[in-house]
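Descriptive structure summary
Residue-level listing of the chains:
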Amino acid sequence: MLESLIAGSALVALGAFGTRRRAARREARRKAAFPPLGRLVTVEGRRLHLVQIGSGPDLVMIHGASANLREFAMDLAPRLSSQFRVTLIDRPGLGWSDAVPEDTPGEQARLMRLAAESIGVTRPLVLGHSYGGAVALAWAMQAPVAGLLMLSGVAMPWEGGLGLWYQVTASAMGRAVVVPLVTAFAPTRQIDRSIAATFLPQQPPPGYSRAAGVGLLLRRDALAHNARQVNTLLPHVQAMQPHYDTIRVPVEILHGDADTIVPAHIHAVPLAATLPDAALTLLPGLGHMPHQTQPEAVKAAALRLAARAGLRLD
């Protein structure tokens, strides 16, 4: 009996060691394949990764869950860089930005704002996609902004679960066991299926996975931080919601009416009714990724926002 337990424990340990070694090799390859695109600035001892392009009024873009700033760098940011000085920031814990212990939308917004200010960005327009919408709202409640663009943004409390992956990674055991296995062994076809589900009812553009740097998410730390952020988001949104009426700047809300990940009727529609100066545009038949599938609609919303904010464009 004792010999069997010892043998079984040895096999488990050997398997865990092999998983860690394979995960480390794959992480090294992914980091080499997707290096930082811009600069790393240090804020309160933590590095944040920023990219800045273009000229004009300042526009900060905040990416969503399971992503990094390459999500915007591949199309939307260059598309807007002739009218705006666009600043992209990896949210803490994702991309090339360091994680923070107090991993809330408010703390993320504070550190990202300080990072932006360190390179000369003050009172910008702030665009937030998906989870980034909650961060954008927190930013606007902390400090002056010129306006907000909520793009498929999380804003309101919701009911129900977040899917199997987040159920599993809500536990310490899930993060300790499942996350390394995903890093070490997740096949490309499974990753492609997950991406495709995010885009429904549209399809991802060709080459999306590489252009968006999806490999950066598949590191153990990034997967764990991302899961923690999503799993703990609801109570922070509940705490923020009563204070939305303090946001007195122009807000453009752009949302696909076929979005099943962040449904418009739960988030965009009630947010538009809450904010004092909001304009809601529902995009017929569009899902969760309009910046990839309809970037000109997002550009039009950014231009409307700039006009409403009284900003002069070149």
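Everything numeric in this text was worked out from a predicted model, so none of it was measured.

**A look at the overall build of the chain**
Tallying secondary structure elements over the chain gives 14 helices and eight strands in all. For the chain, the C-alpha radius of gyration of 20 Å lies close to 20 Å, the compact-globule estimate for 314 residues. Taken along its principal axes, the extent of the C-alpha atoms in the chain is 75 × 40 × 40 Å. Taking all 314 residues of the chain together, the buried fraction comes to 49%. Of the contacts formed within the chain by residues at least 6 apart in sequence, a portion of 76% connects residues at least 24 apart. Within the structure as shown, the chain displays about 13600 Å² of accessible surface, and the carbon and sulfur contribution to it stands at 57%. The centroid of the 30 positive side-chain charges in the chain is displaced by 8 Å from the centroid of its 22 negative side-chain charges.

**A few points about the environment of His 255**
Structurally, the position occupied by His 255 is in strand E7 (residues 251-256). In contact with His 255, not counting residues within four places along its chain, are Ser 152, Gly 153, Val 262, Pro 263, Ala 264, His 267, Ala 268, Thr 281, Leu 282 and Leu 283. A distance of 2.5 Å separates the side chain of His 255 from the backbone oxygen of Val 262, its partner in a polar contact.

**With respect to the packing of helix H4 (residues 105-118) against helix H5 (residues 131-142)**
Here H4 crosses H5 at 70 degrees, and the two axes come no closer than 8 Å. Viewed along their axes, H4 and H5 adopt a mutual orientation that is roughly perpendicular. Here H4 and H5 pass one another in a crossing that is right-handed. Contacts between H4 and H5 involve Pro 105, Gly 106, Gln 108, Ala 109, Arg 110, Met 112, Arg 113 and Ala 116 from the former and Tyr 131, Ala 134, Val 135, Ala 138, Trp 139 and Gln 142 from the latter. Of the residues assigned to the contact of H4 with H5, the class counts are nine nonpolar, three polar and two charged.

**Describing the packing of aromatic side chains**
Throughout the structure, instances matching the rule amount to one aromatic pair. When the centroid spacing of 5.0 Å and the interplanar angle of 80 degrees are considered together, the rings of Phe 199 and Tyr 208 count as edge-to-face. Residue class for Tyr 208 comes out buried when judged on its relative accessible area of 9%. A cation sits over an aromatic face here: Arg 219 above Trp 96, 5.6 Å from the ring centre.

**A word on H5**
Between its first and last C-alpha atoms H5 spans 17 Å; for twelve residues at 1.5 Å apiece the expected length is 16 Å, and the two agree. Looking only at H5, the buried set comprises Tyr 131, Gly 132, Gly 133, Ala 134, Val 135, Ala 136, Leu 137, Ala 138, Trp 139 and Ala 140. Where the residues of H5 are buried, they touch strand E3 (58-62), H4, strand E5 (125-129), strand E6 (147-151), helix H10 (220-231) and helix H11 (233-240).

**Quick notes on the nonpolar core**
Core analysis: the largest hydrophobic core is formed by 47 residues, its most contacted members being Leu 48, Trp 139, Leu 148, Tyr 244 and Ile 247. Broken down by element, the residue count for this core peaks at eight residues, all from H5. Counting residues in hydrophobic clusters, the runner-up holds 24 residues, among them Met 61, Phe 72, Leu 76 and Leu 305.

**A word on the pairing of E5**
A regular strand places its side chains on the two faces of the sheet in alternate fashion. In terms of burial, E5 is largely enclosed, as five of its five residues are buried. Burial of E5 is two-sided: the residues Leu 125, Leu 127 and His 129 facing one way and the residues Val 126 and Gly 128 facing the other way are all buried. Bridge count for E3 against E5 is four bridges, and the pairing is parallel. Residue Leu 59 lies in a different strand from E5, and its bridge partner there is Leu 125. Of the strand pairs in this sheet, E5 and E6 are connected by five bridges, and their pairing is parallel. Its bridge partner being in E6, Val 126 is matched across the sheet by Leu 148.

**Thoughts on the sheet that holds strand E8 (residues 278-283)**
Pairing is mixed in the open sheet, where eight strands are placed in the order E1-E2-E4-E3-E5-E6-E7-E8. Both outer strands of the open sheet, strand E1 (39-43) and E8, are each paired with one neighbouring strand and no more. Strand after strand, the sheet turns through a mean of 20 degrees between neighbouring axes, direction not considered. With four bridges joining them, E6 and E7 adopt parallel strand pairing. In the sheet register, Leu 149 faces E7, and the bridge partner there is Glu 252.

**Description of H11**
When we look at burial in H11, the residues that qualify are Leu 233, Val 237 and Met 240. Along H11, the residues classed as buried sweep out an arc of 65 degrees about the axis, all on the same side. Residues of H11 that are buried in the fold lie against H4, H5 and H10.

**Details of the environment of Pro 144**
Mapped onto the fold, Pro 144 is located in the loop between H5 and E6. Setting aside chain neighbours within four positions, we find Pro 144 in contact with Arg 123 and Pro 124.

Rules behind the numbers
- Residues numbered from 1 in each chain as written.
- Predicted model: local features only at pLDDT ≥ 70, side-chain atom pairs only at ≥ 80, totals over all residues.
- Heavy atoms only, no water.
- Helix = DSSP H or I, 4+ residues; strand = E, 2+ residues; numbered from the N terminus.
- Rg over C-alpha atoms; globule rule 2.2 N^0.38 Å.
- Buried < 20%, exposed > 50% of the residue type's maximum accessible area, 1.4 Å probe, protein only.
- Contact = heavy atoms within 4.5 Å.
- Areas by Shrake-Rupley, 256 points an atom, 1.4 Å probe, with all protein chains shown as cover.
- Lys, Arg positive; Asp, Glu negative; His and termini not counted.
- Charge placed at Lys NZ, Arg CZ, Asp CG, Glu CD.
- Polar contact = N/O pair within 3.5 Å; in protein donor to acceptor, adjacent residues only side chain to side chain.
- Axes fitted to C-alpha atoms, helices over the stretch in contact; angles between N-to-C directions.
- Parallel < 35°, antiparallel > 145°, perpendicular 65-115°, else oblique.
- Left-handed = near helix turned anticlockwise from the far one by under 90°.
- Nonpolar A, V, L, I, M, F, W, Y, C, P; charged D, E, K, R; others polar.
- Phe/Tyr/Trp six-rings, centres within 6.5 Å; stacked < 30°, edge-to-face > 60°.
- Lys NZ or Arg CZ within 6 Å of the ring centre and 35° of its normal.
- Expected span 1.5 Å × (residues − 1).
- Core = buried A, V, L, I, M, F, W, Y, C linked by side-chain atoms within 4.5 Å.
- Pairing = 2+ DSSP bridges.
- Arc of directions from axis to C-beta.

So far we have only geometry, and geometry alone does not tell us how the molecule works.
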